[in-house]
Amino acid sequence: MPFEHHVMTFWYWLFGDPLKIRFLDATTWTHIGFLLGALIILFLIAIGAPFVWFLMAAVKHGPSEAFYLVARAIYGGATDDLPRFSLRRTLAVARVAVQEAIRNKVLIGFAVFLVLLLFAGLFLDVRNANPARAYLSIVLTTTNYLVLVMALLLSAFSLPNDIKNRTIYTVVTKPIRAGEIVLGRVFGFMAVGTVMLAAMCAISYVFVVRGLSHTHTIKAADIKPASWKNAPPGSKEGVTSTSNHHQHEFRVEKDGTVSQTDFIAGHFHENSVTQQGAETVYRVGPNRGDLIARAPVFGNLVVHDREGNVVEKGINVGDEWTYRGFIEGGANRSAAIWTFSNITPERYKDGLPLEMNLAVFRTYKGDIERGVLGEITIRNPNPEAKVKSSGPIPFESREFVAHRFPIPRELNAAPAADGRSRKIDLFRDLVYDGKVEVSIRCVERSQYFGVAQADVYLRPSDSLFALNFAKGFFSIWLQMLLVTTYGVMFSTFLSGPVAALATAGTLVLGMFGHFVRDVATGAAEGGGPIESFIRMIMQQNVMTELEVATWMDRGIKICDKAMMGVIYALTFVLPDYLRFDTSQFVASGYNIYGDLVGQHVTAALVYFAAAAVVGYFFLKTREIAG
Amino acid sequence: MAATQIEPLPVKTAAHATDVVIETRNLTKVFRDFWGRPKVRALNALDLQIRRGEIFGLLGPNGSGKSTTIKLLLGLLFPTNGQALVFGKEATDVAKNERIGYLPEESYLYRFLNAEETLDFYGRLFDMPTATRKRRIEELIQLVGLQHSRRRQLREYSKGMTRRIGLAQALINDPELILLDEPTSGLDPIGTREMKDLILRLRAQGKTILMSSHLLPDVQDVCDRIAILHQGELKELGRVTDLLTVQDVTQFRAQGLSKAAEDEIREVIARHGGQVVGMDHPTLSLEELFLNIVKESEARPGRRASQK
């Protein structure tokens, strides 16, 4: 799986593109930023929830009493409970929550983690083309699920247990506010979770590094005269011994120096050669290049179709996950053009450190041994510039790996009319206002390149892998915060098992939110819950009409529609857990960039605050001994 | 238990006997089932006034509405009808809890904490600064006599010890008003005596106490006024001495009378138109006997009490 990610700056994510939003046109609503969306949803909840509450209370107490009740709860919350908030009380509750968690043998979760890691070590596919990715995925996913389940169980059962055992009686008869009970619990469980997560992070790190660490040896007999094309006389080539189910090739230049090994199984080794008396000793260094955190500089992508018109996205080559759009190869004007900003000679001394991650779609097999051919042109974004572009630089596509393709400072100019080739300088001739364009074309007819914004980027330097690894765990931490808060929120008005189920429900909805929206809008076939259940039981194909009486069909559709409407609305209220998942970044070796962390933290805090407020009102207005 | 004196509360206002601390007006609680249908009328139109500095007893058999009243006063339950006012404010107002201490029916405490941790936790809930909290915990542990078990988890505590730590947590904030739900239930006679002494001592410090009990002697011994509840209805309300005094019976107690003198007294009563209801030799109550035996045994260990 190549790396897939929609790049979005923090500010665009937060504010969106308000000018493009048309109030009545739902298709433009994708331009709504998080801030506006959150405000709308929170406003609706802030208006709707007290109204529903009022209606429910009115049935029981009559309208005037109900209004008084609701108004007093909200007014009291704002004027009494909020200003009297005490951190000491909150932390006291947090401390007891920690002690309770420890008493409830939360450490068993940790033991499960260790056992899973032990078994993972046995079953991991070490022949994998990219063992680092396999290792990283397994530790991150295992930790993620384990921690979320743990957070769910801890948070959902704690408060209901207190109510059942009536220990809550001695607590709520003290001057503690409902909000402090909710927050204290969340803080306590998060403290336990944080310690466990930190330990898991450290253990996982050691597990991955040690699991991947290996070396090879070189035997004199394995070094032979060079056989590659145009090899200088006297140079040699060799293979290392096999370890971890692979071996590397390397070259020995004619002056006796050895190159680094080739790139296999996601890594390479540095070699060294020393003379010990008459003996030449070759040494293979430790594995390198597998645990990295590329820090890409992304550009903006514009796709041109075969007539040269700007289109939103490339061609869809089939009903697959439509992350990438495809550009057609051959003699037409299809191209994908990335614009990079802040290009200065100080920053990019040696030219553009370009890296590509293109997908390839072949309509015929061609020479399957080699990649599809393409060409890169560096273009000047200024339409009035003297030098419009460089000459085409050919390349051969490589799939499923990040393909390094540095663009040097000195380039060939586009072939002039007189056929003479001139040299141009990247910064002098092509960079305008700090911007430069990189245009990619596919040159083989009827073959396609799949492109998305994050597919071509500059890689001036890498970030620290260990830091990125920690950031991956931080993403899990944010998810844990959400699960814990939702668990505590539900437990303020539901019994333990029901609260746990409800929290699990939000997790599932959060993870399958896109699917649920598709079902609700009719984009996914098979109908709503009742219809799909009937189809499953009766083994009916999703594409055919439901084989039941017409009136029944209509009834089912109406019920389904109502249910899906509710679930659809819920997907906007509940956090999208998939969005917080950054294991892909760590596993594929990409730095989790600051804008993304900012988005996650902001979103998590908003959900956390909203759930905490809801929990506060539920607990405050609940009849504890009822 | 009575080793150390609890530090007296600086009396904030002169203890006017008319200061109303607790007031209920037409207080009614109906428990409903899942469908909202009335199931039990636990308390019906209760009107009560409890004044500063008195010990008020709620008396009644199991299920008479004593605990319900206390829970309504604490805001743990919401009234179906009527009002429960504590310090002149609605019982659901959290702010009143600053001045209240509550000992529940059974001590519902975190069983995985030890005595010190428990008191520390509840002290923090009152936002007490560390120094005050430490001092207070020390005093209370001395007061309830748990010096030797302060580091043991509550799960290992006996019933009596649990009761004591429960009482200590109720007093952590030096409350003005103390609500005790069945304070002597499950205590042995010594514990009961000590509890009763403590209640009286708290009153002497100017605190108001509301206690519920179905153990009649306990109520009789300590309460100034009582309310008798039965099936959620208030049946009787008044001063203990007034309620228990039988106005048309006169009781004499004398020592060293001969049989002849007794007969003569019978005669005098008969001459005045009275009727001798009973004339016999008093017995000790079992409680008194038991307490005497224990006192004796502590003074002279190893001897049977009857061997005088």
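Residues numbered from 1 in each chain as written. Chains lettered and ligands numbered in written order. Predicted model: local features only at pLDDT ≥ 70, side-chain atom pairs only at ≥ 80, totals over all residues. Heavy atoms only, no water.

## Re the side chain of A:Glu180
All names here are of chain A.
Reasoning step 1: Secondary-structure assignment places glutamate 180 in helix 8 (residues 178–212).
Reasoning step 2: At a separation of 2.8 Å, a polar atom in the side chain of glutamate 180 contacts the side chain of arginine 89.
Reasoning step 3: In this structure, glutamate 180 is in contact with Arg84, Phe85, Ser86, Arg89, Thr90, Val93 and Pro175, ignoring residues within four places of it in sequence. (Helix = DSSP H or I, 4+ residues; strand = E, 2+ residues; numbered from the N terminus. Polar contact = N/O pair within 3.5 Å; in protein donor to acceptor, adjacent residues only side chain to side chain. Contact = heavy atoms within 4.5 Å.)

## So, the sheet that holds strand 15 (residues 393–396) of chain A
All names here are of chain A.
Reasoning step 1: Pairing is antiparallel across the open sheet formed by 6 strands, whose spatial order is 9-8-11-19-14-15. If you trace the sheet from one side to the other, it starts and ends with strand 9 (310–311) and strand 15, each paired once.
Reasoning step 2: As defined by bridge partners, strand 14 (residues 373–379) adjoins strand 19 (residues 436–442) across 6 bridges and the pair is classed as antiparallel. Each bridged residue has a counterpart across the sheet, and for threonine 377 the counterpart in strand 19 is serine 439. (Pairing = 2+ DSSP bridges.)

## Section: the confidence of the model for chain A
Reasoning step 1: In the predicted model, chain A carries a mean pLDDT of 86, and the fraction of residues at 70 or more is 98%.
Reasoning step 2: By mean pLDDT, helix 12 (residues 513–521) of chain A is the weakest element of chain A at 75, and helix 10 (residues 465–491) of chain A is the strongest at 94. (pLDDT = per-residue confidence, 0-100.)

## A closer look at the interface of chain A and chain B
Reasoning step 1: Chain A puts 33 residues into the contact, and the matching count from chain B is 34 residues.
Reasoning step 2: At the boundary of chain A with chain B, total buried surface from both sides reaches about 3100 Å², with 62% on carbon and sulfur atoms.
Reasoning step 3: Contact with chain B buries area across many residues of chain A, yet A:Arg88, A:Thr173 and A:Lys174 alone supply 21% of it, more than any other trio.
Reasoning step 4: Scanning the region where chain A abuts chain B turns up 3 salt bridges.
Reasoning step 5: A:Glu623 is the partner of B:Lys29 in a salt bridge, and the nearest nitrogen-oxygen pair spans 2.4 Å. (Buried area = accessible area lost by both parts, 1.4 Å probe. Salt bridge = Lys/Arg side-chain N within 4 Å of Asp/Glu carboxyl O.)

## Notes on the environment of A:Ile327
Residues and elements named next belong to chain A.
Reasoning step 1: For isoleucine 327, the location among the structural elements is in strand 10 (residues 325–328).
Reasoning step 2: For isoleucine 327, a relative accessible area of 0% corresponds to the buried category.
Reasoning step 3: In the structure, isoleucine 327 is positioned 66 residues away from threonine 261 in sequence and 35 Å away in space, judged by C-alpha atoms.
Reasoning step 4: Not counting residues within four places of it along the chain, the set of residues in contact with isoleucine 327 comprises Val303, His304, Ser334, Ala335, Ala336, Ile440, Arg441, Gln447, Tyr448 and Phe449. (Buried < 20%, exposed > 50% of the residue type's maximum accessible area, 1.4 Å probe, protein only.)

## Focus on the confidence of the model for chain B
Reasoning step 1: When pLDDT is averaged along chain B, the result is 83; 86% of the residues meet or exceed 70.
Reasoning step 2: Here residues 1–17 of chain B is a poorly scored stretch, pLDDT under 50, and it has 38 contacts once near neighbours within four places are set aside; other chains count.

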